[in-house]
Amino acid sequence: MDPRKLRNIKKAKNIAFYGIIGLLAAATLTVLIIIIGYILLNGFSHIDVEFLTQEPRKMGKEGGIFSVIIGTLYVTGVGILIATPIGIAAAIYFTEYAKEGKGVILIRFFTEILAGIPSIIFGLFGFAFFVIFLGMGWSVISGGLTLAMMVLPTLVRATEESLKTVPMSYREGSLSLGATKWQMITGVILPCCKPGILTGLILGIGRAIGESAAIMLTVGGSLRVPTSLFDSTRTMAVHLYTLASEGLSQEKTYATAALLILIVLVINGAANLISSKLGGSNGN
Amino acid sequence: MKTYEKAIEKVILLSAIMATISVGLITFFIFRSGLPVLLEYGIIDFIFGTTWSPTNGDYGILPLIAGTLSITIGSLIIGVPTGIACAVFLAEILQKKWAKAFKFSIELLAGIPSVVYGFFGLVVLIPAIREYILPIYQFFDPEVSQTGFSVLAGAVILAIMILPTIVSMSENSIAAVPVEFKEASLALGANKMETIVRVLIPAAKSGILSSIILGMGRAIGETMAVLLITGNMAKIPGTILDPVATLTGTIAMEMGYASPTHQQVLFAVGIVLFVVIMILNIIAQLSVRKIGGNA
Amino acid sequence: MAARPMDHEMDIITRDLLNMTTLVEETILNAIKSLKEKDSEMARNIIDDDEKIDMLEDEIKDKCLKFLATQQPLAGDLRKLVSIMQMIRDLERIGDHCEDIAKYTLRFENEEYMKELIDIPRMADMASKMVKNAIDSFVNRDLRLARRVWKADEEVDELFRNIYDELMGIVDRDPMKANQSVMFLFIASHLERIADYATNICEETVFAIEGGYDMEIKNGN
Amino acid sequence: MAARPMDHEMDIITRDLLNMTTLVEETILNAIKSLKEKDSEMARNIIDDDEKIDMLEDEIKDKCLKFLATQQPLAGDLRKLVSIMQMIRDLERIGDHCEDIAKYTLRFENEEYMKELIDIPRMADMASKMVKNAIDSFVNRDLRLARRVWKADEEVDELFRNIYDELMGIVDRDPMKANQSVMFLFIASHLERIADYATNICEETVFAIEGGYDMEIKNGN
Amino acid sequence: METKFEIEKLNLYYGSFQALQDIDMNIYSNRITALIGPSGCGKSTFLRTLNRMNDLIRGVTIEGTVKFDGEDIYGNFYDIIKLRKKVGMVFQKPNPFPKTIYENIVYGPKIHGEKNKTVLDNIVERTLKEVAMWEEVKDRLQKPALGLSGGQQQRLCIARCLAVEPEVILMDEPTSALDPVATSKIEGLLEELAEKYTIVIVTHNMQQAGRVSDYTSFFLNGKVIETDKTEVIFSNPANKKTEEYITGRFG
Amino acid sequence: METKFEIEKLNLYYGSFQALQDIDMNIYSNRITALIGPSGCGKSTFLRTLNRMNDLIRGVTIEGTVKFDGEDIYGNFYDIIKLRKKVGMVFQKPNPFPKTIYENIVYGPKIHGEKNKTVLDNIVERTLKEVAMWEEVKDRLQKPALGLSGGQQQRLCIARCLAVEPEVILMDEPTSALDPVATSKIEGLLEELAEKYTIVIVTHNMQQAGRVSDYTSFFLNGKVIETDKTEVIFSNPANKKTEEYITGRFG
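Each chain carries its own residue numbering, running from 1 in the direction its sequence is written. Naming scheme: in the order in which they are written, chains are lettered from A and ligands are numbered from 1. Confidence filtering applies because this is a predicted model: local features only for residues at pLDDT of at least 70, side-chain atom pairs given and counted only at 80 or more, and all residues used for totals across whole chains, interfaces and linings. Each side-chain value is derived from all of the structure's non-hydrogen atoms; neither hydrogens nor water enter the calculation.

A. View of the overall build of chain A. Helix and strand content of chain A: 11 helices and 2 strands. A helix here means a DSSP run of H or I that spans at least four residues, while a strand means a run of E at least two residues long, and both kinds are numbered starting from the N terminus. N-terminal to C-terminal, the α/β element order of chain A is α-α-β-β-α-α-α-α-α-α-α-α-α. Our radius of gyration looks at C-alpha atoms and nothing else; its globule reference is 2.2 Å times the residue count to the power 0.38. Against the globule reference of 19 Å for 284 residues, chain A gives a C-alpha radius of gyration of 24 Å, more extended than a compact globule. Oriented by its inertia axes, the alpha-carbon framework of chain A measures out at about 70 × 65 × 35 Å. Burial here depends on accessible area, computed with a 1.4 Å probe over protein chains only, as a share of the maximum for the residue type. Under 20% is buried, over 50% is exposed, and the range in between is partly exposed. Scored against the burial criterion, the 284 residues of chain A give a buried share of 58%. The Shrake-Rupley method, run with a 1.4 Å probe, gives the accessible areas here. Residue values count only the displayed protein chains as cover. Of the roughly 11400 Å² that chain A leaves accessible, carbon and sulfur atoms contribute 68%.

Structure representation (structure tokens):
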């Protein structure tokens, strides 16, 4: 082909290529800004001390969301507390102890499957198992256990990923100095993974706070401040859904949405900061 | 020392099995609750029945399946090209520090609870569709639904929701392509575009593919957002402005007031959803393992 | 077994060694020829040409050094190279001896020889043949040939003793011929030493091939 | 500039070289002493001890080869090592010459010398000193000393010519002394050759230090 | 002897750090030039100025001239794509694309507009023969290149580079990731390639420079200390610093 | 000369693949033994049998005996932890833990129960002196080890290994990731270490084996072809295959 013609064709292709990519990227960024900006702008003006400290009245149409905040903390806390040790231990098992046999492949496979199950299924299961079968009713504990199951794969995966980034040579180095396996894990491997595990944990919390479908079916919708693990309560996400779908109060809906976004943004920001600040120190 | 180590190993093994136990329990209880009614009604009638009216004893979920499918496909059509374009833009074109900020923002999108997306769709997208898209559409088809709750709304919102998954996984896998490939291509006299299209994207294809599958899974399983914006009409959609109901949305919405039989039917819907997701997951797992194997 | 880049250079060095050997061999024969035929011009050429041998030695040595420096040969290759460096020094010394012989020739320029030269040319033939065989045995890795060189050295030594006795007899009987006799004696002793160098070269051959000075091979037959 | 593992081995080889030099130097002096004092026992010892020198050469050569094989020296290190391998061969040859001198001594065992030995011991002194200086100039990288050796060689050559003329005169005048004269002549020629070896060693010194045979240094003063 | 590259007063800065300082050097046609020196001496950086691969890095500024066949490659109107076509590069780690062997080799020609299948087939055969690999792989050209051994991968990369018919091949420690046997195969190849191509090779392995190159250039702290025939550098370098480095007395 | 390891009829299989075949070897106290051979010849595998690091890999079966100070380390009641304490290991890539320099060195002693701060301080000083690094780092013991240069990291790893007072140090290509200057520093260290320790080193770099070792063992296809004094292996090997490998005629 005539080299000059070839060059011109290439030039045209280049312009189209970069044009489209730039356009799509810009669109994505714009959507992001609009979503967050719109909700925060509309919501912030309605967030005040009263909103944060008062209990909701008239199904949330008036008053604040104090009991909802407490409920959110409760459910999320229970879920994370249950999931964390199990998740980390499971990840350690996969990376350090599991020998590549059929059983392990299966266990690992099911862990991945668990990650892909939609939240509404967890909700159905939680409803059938914890609420009905175990008779826990709509309660913090039912929701917490369901949440624990949901965030478990996230935790396992995050921990596993960061365990995997620990170079094999650290393990060899440690064992060759006469360390036992558990000494190696606690003394060398886990310290390397702190940022990774922490990031996973925070992301899990974020996911738990934002969850609504599963919570709705397992925790119920009580607007009272829960006093025990077996009380029903309501989380912010569920509250937001209820407000939005029933159109009770635009103001309260925006305020709740803004608060929810804010919390989640802070949490994710923290996770990101941790992984970028500390993640680099693993070296190699 | 030895026994101590052995004990630790056992405890850890138990934790590892927890996920498996969970999946088992989930499967068991969903099927236990939904299977009787499913068998009683007949699987074929259940899946291919075109009328969903649980209060009248009509349990045909084809409209629900059609609803889920239509918004899922719609979201992929919008989300996949955008996501890959963003990934390329981030990994190869944008300066490092800006790319980092951009990626950070994208990850923020991932963290926003789905119910917030639903709310946003409800207060911004639906009115926008009513105001701007509908008049144009009406020009061709005066009979079209006028509420704004629609396949289109669901697809757009879901596209935004799956975008972070696609962007960040694709970006990771493009960035993970060794710089040596890039250098080799440039050293052979290729320009940047040729390098991206012919070397980087093919080298990252397994990662990109699995990001798409994962995004699809998320789109199918999404509940609260679609619940708020698709209109929840159990009808097979004719146009993209028709309202639809999805499998997930139907379960979430009707569970609250369902009679015991109705509940069982919803569990049966859950079974269908569960099976579809499982199949998709398995495909994703296998494809990742197969493609990832030789890289 | 693949050809290595170093093989090419090794071949060049070997070829140079053979060229140098041919030159030295010819020089030995010519030295004696010029002596026998009282060919002063040839003798003078030999003296001039010694420079050539010296330069050849320097050249090969330089190549060897650069080979060592750049190719870093090991085991057999290394021994071969080290041997070559020793051999070329010996060949150069042989050239020096020829030069000395040529210088004697020039002294006789205006003198009649007291007798016909028979044994000395024979010795020269043998010595030059030994040098050639010694190098050939090295190049062709032929230990049998090397052993023949040792055998020949014994003959040369025998011959030298005969010449010595004969010439000293002449000196005793005829003091007038003393001067010439002493000269011939020196020439014979030079040839004897050349033959010794040839055996030294054979030792190098054994070293290069076997990696040590194996006395059994040297003394066996 | 850090000490390298190879420096240690290089030191050992240098020490061995110096030991060998001392031995050779003593052998030269002893050879002439035994000649002068007609000490047959000492002469016989020298002949026996030549084996020792040969063994020393083999030993050092072996060390050099192993050094080349394992350390793969380059540039200055390499040149030094190659030079050492050439030098020890020359030292060994010097030993051979001493052995030859000792053999002559044994022939005189039952004879009176026709004259007192003056020039030959002087020549021996000079030659042995030259050998020592040659090696010292190498070890200490002292080109000035090397130049002195070349100078001395000229003196030795002069001395040899004198001895030659003197002895040939004696042969002419007194044929009875021909036998002894020729012997002394051979001995002197051996010493002259030893001195030549010393200058060869100096050439190696220049090579090792300068990386080439720099003729200016050789000929300059 | 023809001069392929003429480098004059070349200075290169990474931001404010000067990585190359007043480099003057000639690189001769059909010769193998080796660049040696301790880590961070600038030898790789210098190599990458020859096909402007440093343009990939942000914050690099370059002064002086690098003439390729008499033309300054850092001149305003110089076509980088053309330069990179003529000046090929082989990298430290074998980096075949995750494509088939065949696709790897034809990548370059295709980019430069060659579409004719027969021509491409011929290129594949020719280049694989040049790197002495044709017999080994001719029956599996459609197999993934990543299935080859490390040494084969590197030879494939050389073939890929030859496919665009370069005049110069730059090699950045091409054997440092290979075992001795694969290394000696590549080294054996170099001598043959030098008949057609000009080769510049950066190597950590001094012995390798000795074995394969005609000229050697010793870099230290961004400067060229000495350039000479390889045999001279290794047997009798002129500069004391070169001698120190060569004999391991350095540092 | 004392024998530290006596290996008899050692066979090692990865699944059904035989990686080591009838290895018989003695490793002598206070000597440096180098293992050379082409990639995949089994030299690294063999090294790892000496401190049972192969136990990390699944599907490995081992036959024959490996006696350490006369005791079979593959015997039923042999304490691996004790073995690994006595037989230290240094790896191909420097692998200091992402801790401080100080913590890296005391890791081993702490694991084995040493808690006394003074004792630990002394260990740090002693071992850093042994690897000739004390002066370089004594003022920054609390700085992260990963901030050191590659060569320093490797020396730190040697120090870390010395801290548990081993009798043997196994080195698996300890300089292959380092530049020539750092390499020659490590090589210089080896000679001194050999006064106190028995060293076994695997190296790709034949020249390195020549420079540093007392004994060299040539491996090929899982078998030991020849073991002898290093100088003999390099100047006059007995086996034709060794000669071929040494002179680059192999393969």
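So much for the structure itself; the text now carries on.
B. Summary view of the pairing of strand β1 (residues 3-14) of chain E. Residue and element names in this part refer to chain E. Between any two strands, at least two bridges found by DSSP are needed for them to pair. As paired elements, β1 and strand β2 (residues 17-28) share 8 bridges and run antiparallel to each other. Looking across to β2, one finds that F5 is bridged to I27. Remark: 2 residues form the turn of the hairpin made by β1 and β2, two consecutive strands paired antiparallel; G15 in that turn has positive phi of roughly 60°. Alignment of β1 against strand β4 (residues 60-68), held across 8 bridges, turns out to be antiparallel. Note on β4: the bridge partner recorded for I7 is V66.

C. Geometry of the sheet that holds β2(E). All names here are of chain E. Judged by pairing direction, the sheet is antiparallel, and its 4 strands sit side by side in the order β2-β1-β4-β5 without closing on themselves. Of all strands in the sheet, those bounded by a partner on one side alone are β2 and β5 (71-72). Two elements, β4 and β5, share 2 bridges in a ladder whose sense is antiparallel. By the bridge assignment, K67 is partnered in β5 with D72.

D. Geometry of the environment of F97(E). By the secondary structure assignment, F97(E) is in the loop between β6 (87-90) and α3 (101-111). A relative accessible area of 0% means that F97(E) is categorised as buried. Spatially, the C-alpha atoms of F97(E) and A145(E) are 7.3 Å apart, while their sequence positions differ by 48 residues. In contact with F97(E), not counting residues within four places along its chain, are F181(B), A184(B), S185(B), L188(B), V199(B), N104(E), Y107(E), A145(E) and R160(E). Contact definition: two residues touch when any of their heavy atoms are within 4.5 Å.

E. Local environment of the interface of chain F and chain C. Listed by partner, the interface residues are 14 residues for chain F and 12 residues for chain C. Summed over both partners, buried area is the accessible surface (1.4 Å probe) that two parts give up on being assembled. In total, chain F and chain C occlude about 1000 Å² of area from one another, counting both sides; carbon and sulfur atoms represent 50% of this. When the buried area of chain F at its contact with chain C is split by residue, N236(F), T247(F) and R249(F) rank highest and sum to 47% of it. The term salt bridge refers to a pairing of a side-chain nitrogen on Lys or Arg with a carboxyl oxygen on Asp or Glu at a separation within 4 Å. Across the chain F-chain C interface, the total number found is 0 salt bridges. Throughout this description, a polar contact denotes any pair of N or O atoms lying within 3.5 Å of each other; where both atoms belong to protein, one of them has to be capable of donating a hydrogen while the other can accept it, and for residues adjacent in sequence the pair is counted only when both atoms sit in side chains. The tally of links between chain F and chain C comes to 5 residue pairs in polar contact (both at pLDDT 80 or more). Secondary structure elements with two or more residues in the side of chain F that touches chain C: α8 (206-212), α9 (230-235) and α10 (240-246) of chain F. Looking at the side of chain F that touches chain C, the element that brings in the most residues is α10(F), giving 4 residues. When residues are grouped by polarity, Ala, Val, Leu, Ile, Met, Phe, Trp, Tyr, Cys and Pro land in nonpolar, Asp, Glu, Lys and Arg in charged, and all others, Gly among them, in polar. Grouping the constituent residues of the side of chain F that touches chain C by class yields 4 nonpolar, 6 polar and 4 charged.

F. Summary view of the sheet that holds strand β3 (residues 32-36) of chain E. Residue and element names in this part refer to chain E. The 6 strands lie next to each other as β6-β7-β8-β3-β9-β10, forming an open sheet whose pairing is mixed. Of all strands in the sheet, those bounded by a partner on one side alone are β6 and β10 (223-229). Along the sheet, successive strands turn relative to each other by an average axial angle of 20°, direction set aside. In terms of strand pairing, β6 meets strand β7 (residues 168-172) through 4 bridges, oriented parallel. Paired with G88 across the bridge in β7 is I169. Geometry is summarised by axes, namely lines fitted to C-alpha atoms with helices restricted to the contacting stretch, and by angles between N-to-C directions that run from 0 to 180 degrees.

G. Representation of the confidence of the model for chain E in the model. Residue and element names in this part refer to chain E. The pLDDT value tells you how sure the predictor is about a given residue, anywhere from 0 up to 100. For chain E, the average pLDDT comes to 91, and 99% of its residues sit at 70 or higher. When pLDDT is averaged over each helix and strand of chain E, the minimum, 87, is found for helix α7 (residues 180-193) and the maximum, 96, for strand β8 (residues 198-202). Predicted complex, confidence summary: ipTM 0.79, pTM 0.82.

H. Layout of unusual backbone geometry. Phi is positive for D69(E), close to 50°, though the residue is something other than glycine. Along the chain, the position of D69(E) falls in the loop between β4 and β5. You will see that E173(F), though not glycine, has its phi angle at about 50°, which is positive.

I. Up close: the domain arrangement of chain A. Residue and element names in this part refer to chain A. An automatic or database domain assignment supplies the residue ranges for each domain. Along its sequence, chain A is organised into domain 1 (3-46) and domain 2 (49-283). Each of domain 1 and domain 2 has a C-alpha centre, and the two are 33 Å apart. With 8 residues of domain 1 in contact, the opposing surface of domain 2 contributes 9 residues. Across the domain 1 to domain 2 interface the summed buried area is about 790 Å²; carbon plus sulfur atoms make up 83%. Taken as a group, I39, L40 and H46 account for 56% of the area that domain 1 buries against domain 2, more than any other trio of residues on that side. In this assembly, domain 1 and domain 2 are joined by 0 salt bridges. Scanning the region where domain 1 abuts domain 2 turns up 1 residue pair in polar contact (both at pLDDT 80 or more). By residue class, the composition of the side of domain 1 that touches domain 2 is 5 nonpolar, 3 polar and no charged.

J. Quick look at the pattern of salt bridges. This model, assessed by the stated rule, comprises 60 salt bridges over all chains. Across the pair R89(D) and D90(C) runs a salt bridge whose closest N-O atoms are separated by 2.5 Å. With R89(D) in helix α3 (residues 75-107) and D90(C) in helix α3 (residues 75-107), the pair connects residues from two separate chains. Like D90(C), R89(D) is buried. Taken together, the shared-partner salt bridges connect K61(C), R89(C), R93(C), D90(D) and E204(D) into one network.

K. Spotlight on the packing of aromatic side chains. The pairing test for Phe, Tyr and Trp rings, Trp by its six-membered ring, is centres within 6.5 Å, and the orientation test on the planes gives stacked under 30 degrees, edge-to-face over 60, and tilted for anything in between. Scanning the model with the defined rule gives 38 aromatic pairs over all chains in all. Relative to Y254(A), the ring of Y38(A) has its centre 6.1 Å away and its plane inclined at 65°; by these criteria the two rings are edge-to-face. Of the two residues, Y38(A) sits in helix α1 (residues 3-44) while Y254(A) sits in helix α11 (residues 250-278), which places them 216 residues apart along the sequence. Arranged with centres 6.0 Å apart and planes meeting at 80°, the rings of Y38(A) and F120(B) form a pair that is edge-to-face. Highlighted residues: Y38(A) in helix α1 and F120(B) in helix α5 (residues 114-140), drawn from two different chains. The class of F120(B) is buried, set by a relative accessible area of 6%. We note R160(E) situated over the ring of F97(E); from NZ or CZ to the ring centre the distance is 4.4 Å. Note on criteria: charge over ring means Lys NZ or Arg CZ within 6 Å of the ring centre, with the direction from the centre no more than 35 degrees off the ring normal.

L. Spotlight on a negative patch on the surface. Negative charge collects at one region of the surface, where E9(C), E191(E), E192(E), E195(E) and D214(E) lie side by side. When its relative accessible area of 32% is taken as the criterion, E9(C) is described as partly exposed. Patch construction takes residues with relative accessible area above 30% that form no salt bridge. Like charges are linked within 9 Å, and nonpolar side chains (Val, Leu, Ile, Met, Phe, Trp, Tyr) are linked within 5 Å. The charge count includes Lys and Arg as positive and Asp and Glu as negative, but it does not include His or the ends of the chains. Charge positions come from single atoms, namely NZ of Lys, CZ of Arg, CG of Asp or CD of Glu.

M. Seen up close, the packing of helix α1 (residues 5-36) of chain D against helix α2 (residues 40-71) of chain D. All names here are of chain D. The interhelical angle for the contact between α1 and α2, taken along N-to-C directions, is 160°, at an axis separation of 10 Å. Classified by the interaxial angle, the pair formed by α1 and α2 is roughly antiparallel. The crossing of α1 and α2 is left-handed. Should an angle lie under 35 degrees it is considered roughly parallel, over 145 roughly antiparallel, and from 65 to 115 roughly perpendicular; all remaining angles are considered oblique. In a left-handed crossing the near helix is turned counterclockwise from the far helix by less than a right angle, and in a right-handed crossing that turn is clockwise.

N. Expanded view of α3(E). Summarising burial for α3(E): 9 of the 11 residues are buried, a large majority. Buried residues of α3(E): I101(E), Y102(E), N104(E), I105(E), V106(E), Y107(E), G108(E), P109(E) and I111(E), and no others. Buried residues belonging to α3(E) abut α1 of chain A, α7 (179-187) and α8 (192-203) of chain B together with α4 (117-130), α5 (134-137) and α6 (150-162) of chain E. Just downstream of α3(E) lies G113(E), where phi reads positive at about 95°.

O. View of the environment of I163(D). All names here are of chain D. For I163, the location among the structural elements is in helix α5 (residues 143-173). For the pair I163 and Y104, spaced 59 residues apart in sequence, the C-alpha to C-alpha distance is 17 Å. Aside from chain neighbours lying at most four places away, what touches I163 is D119, I120, M123 and A188.

P. Highlighting the arrangement of the chains. Looking at the 10 pairs of chains with contacts, the pair that accumulates the most is chains A and B. A gap remains between chain B and chain C, with no contact made and the closest C-alpha atoms lying 28 Å from each other. Nowhere do chain A and chain D come into contact; their C-alpha atoms are at least 28 Å apart.

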